[in-house]
Amino acid sequence: MNKIVTKIDSESEKFRNRVKEYHSTLSHFRSALKVIQKGGKQSAIKQHIERGKLLPRQRIDMLVDPNSPFLELSSFAAYGRYKNEFSSSGIVTGIGYIHQKPVVIIANDASVKGGTYIPETIKKHLRAQEIAFQNNLPCIYLVDSGGIYLPEQANVFPDKDDFGRIFYNQARLSASRIPQISVVLGSCTAGGAYIPAMSDESIIVKNQGTIFLGGPPLVKAATGEEVTAEELGGGEVHAGISGLVDHLADNEEHAFLICRDIIRTLPFSETQPLETTESKEPLYDIEELYGLLPFSVREVVDSYEIIARIVDNSDLHEFKKNYGKTLITGFANIMGFPVGIIANNGILYSESALKGTHFIELCNYRKIPIVFLQNIVGFMVGKKYENAGIAKEGAKMVHAVANSNVPKFTIIFGGSYGAGNYAMSGRAYDPNLLFMYPNSRISVMGGEQAANVLGSIKKEQLEKRGEKLSDEEYESIRKPIREKYEIESSAFYSSSQLWDDGIIDPKDTRSVLAFGIAVSLNRKFPDPKSGIYRM
Ligand code: COA
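Residues numbered from 1 in each chain as written. Predicted model: local features only at pLDDT ≥ 70, side-chain atom pairs only at ≥ 80, totals over all residues. Heavy atoms only, no water.

Draft legend 1. Representation of the overall build of the chain within the structure. If you tally the helices and strands in the chain, you get 20 helices and 16 strands. Taking 535 residues into account, the globule formula puts the C-alpha radius of gyration at 24 Å, and the chain, at 25 Å, falls close to it. Looking at the 535 residues of the chain, the share that counts as buried comes to 55%. Long-range pairs, those at least 24 residues apart, make up 76% of the contacts in the chain with a sequence separation of at least 6. For the chain, the distance from the average site of its 61 positive side-chain charges to the average site of its 63 negative ones is 5 Å. (Helix = DSSP H or I, 4+ residues; strand = E, 2+ residues; numbered from the N terminus. Rg over C-alpha atoms; globule rule 2.2 N^0.38 Å. Buried < 20%, exposed > 50% of the residue type's maximum accessible area, 1.4 Å probe, protein only. Contact = heavy atoms within 4.5 Å. Lys, Arg positive; Asp, Glu negative; His and termini not counted. Charge placed at Lys NZ, Arg CZ, Asp CG, Glu CD.)

Draft legend 2. Quick peek at the packing of aromatic side chains. Enumeration according to the criterion identifies 17 aromatic pairs in this entry. Between Y22 and Y290, the ring centres sit 5.4 Å apart and the planes meet at 10°, which makes this aromatic pair stacked. Placement of the pair is Y22 in helix 1 (residues 13–36) and Y290 in the loop between helix 11 (252–265) and helix 12 (303–308), with a sequence separation of 268 residues. Y290 carries the same exposure label as Y22, and that label is buried. Measuring from centroid to centroid gives 5.7 Å for Y22 and F295, while their planes differ by 50°, and the two rings are tilted. (Phe/Tyr/Trp six-rings, centres within 6.5 Å; stacked < 30°, edge-to-face > 60°.)

Draft legend 3. Structural view of the nonpolar core. I307, I341, I342, L373, M397 and Y437 are the most contacted members of the largest nonpolar core, which has 111 residues in total. At seven residues, the largest contribution of residues to this core is made by helix 1. In this structure, M397 is in contact with L327, I342, A353, G356, T357, I360, A423 and M424, ignoring residues within four places of it in sequence. In terms of nonpolar packing, the next biggest core, distinct from the first, is built from 23 residues, A107, V183, L185 and V205 among them. (Core = buried A, V, L, I, M, F, W, Y, C linked by side-chain atoms within 4.5 Å.)

Draft legend 4. Structural detail: the packing of helix 13 (residues 350–366) against helix 15 (residues 390–402). Their axes nearest at 8 Å, the elements helix 13 and helix 15 cross at an angle of 20°. Taken together, the axis directions place helix 13 and helix 15 in an arrangement best described as roughly parallel. The handedness of the crossing between helix 13 and helix 15 comes out as left-handed. On the side of helix 13, the interface is formed by S350, A353, L354, G356, T357, I360 and N364, while helix 15 contributes I390, E393, G394, K396, M397, A400 and V401. (Axes fitted to C-alpha atoms, helices over the stretch in contact; angles between N-to-C directions. Parallel < 35°, antiparallel > 145°, perpendicular 65-115°, else oblique. Left-handed = near helix turned anticlockwise from the far one by under 90°.)

Draft legend 5. Examining unusual backbone geometry more closely. Its identity as a non-glycine residue notwithstanding, N67 has a phi of 60°, on the positive side. Among the structural elements, N67 can be located in the loop between helix 3 (56–63) and strand 2 (71–73). Residue N67 is classed as exposed on the basis of its relative accessible area, which comes to 83%.

What follows is the structure, encoded as structure tokens:
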């Protein structure tokens, strides 16, 4: 292993100013997160608590092993949308440990519009199930939901990845021997009734949980029958008469104890062996990342400096150090776990793509998880490069990433643009987890470039007709594009749309990656396979 020696003077005034600037971005991130994690509006939270119910994050706290980590995902889902009335899109998802077994937890937040589902809620719920599939993790559903948010029905009901997919996934997960457990803590109305009904094992809280396809008002309207919610689908009914649930709990705490007992009885999974070493802190303080991270593509950052603050002992056993230098590849450890690091250090050329492809194959055959550190404007363009077949060489790396048989983790620490996003394991390439830093940006190209492309297309159209675009008209085309890209490429916009699994504070990178790798060992990695590379 070779130690990365920093070239940065972290005591310099320039560096300190950059750290200060980063802290203002972090304080926006932290204060927004604090508000989001409170849940719904004050009156709804008050009513929820007065009913003797716990909030979703309190429920999760009570359910998981004491003092164990819980990795909450996509807290910023639906952020800045729907008048900010859907904090975390009304659902809390994440990975935690129960009796030392990793599980996925999906908890409705009834203080957010009755725990109803908008498109982002569904996307987040399905993403959590996908993580369960990928990592072979039992799913625990803490159900307290009014089902579909009716004004959004056209966007949440009929399509393939809409509400119905939740139950389809439950059936498929169960068939794959991935346990499905429901704890009914409030309403399970209409389609929502299928969550406990499709589970392998369900628990309901007495005088609190209800399950029915149609609630009392609907029954009255449809058949004239007058019935209370408890008589229609309360705990006593489903545990004693209908048989829809298997365990009747006296209260929430009791329900979580039963749930923990269920997990305790599950057999441990056959795990992937991985040769770990003793965890060592990097030689340089991880918080120095704050002084290094770029806010725009124009700021050049040396990725060796980033790696040096993330990997154990700042050690990197580099692969092809002198070839394709705009992509750094090498083996390292993160909190003792061996990883293959693939980090951009400039634009991607044919050689860097070939180097990346080769390195991914090494990780695949050696069964070592890969960490992608993304800061990429894309592949090189121009006649020389196109003629030399850059698209062909880039495609090899995209192939290798798509067919990789080992867990992949992607951290976007700068920009993520163009096909570089694909080659570096963007969302479409199924990384086990993908996180953004608060400064990072993602879009098909930069706003300035998109504005120039669209401006020059218009210019050429008019020139063909013998007309000319004035400078003001040219700018009036470019300005709104730049502004739109500015908003839509931010990490907060990305997380709101669930293009990632969340925004993290850079200082948490090591612990988040180590947690993700530990969880990914819950299934054996398959053997490597690849498609046909165009030679
Ligand atoms: N669609 C849209 N909005 C809904 C909703 C739904 N299905 N269910 C609840 N809401 C909204 C309410 O309008 C209210 O909004 P507001 O805060 O802006 O006033 C908020 O969610 C809370 O509802 P409320 O009834 O005050 O809370 P509650 O805790 O007493 O009851 C429910 C929650 C979910 C049990 C109850 O609202 C209910 O039964 N909803 C209808 C459920 C249903 O029939 N769903 C079928 C869809 S598949």
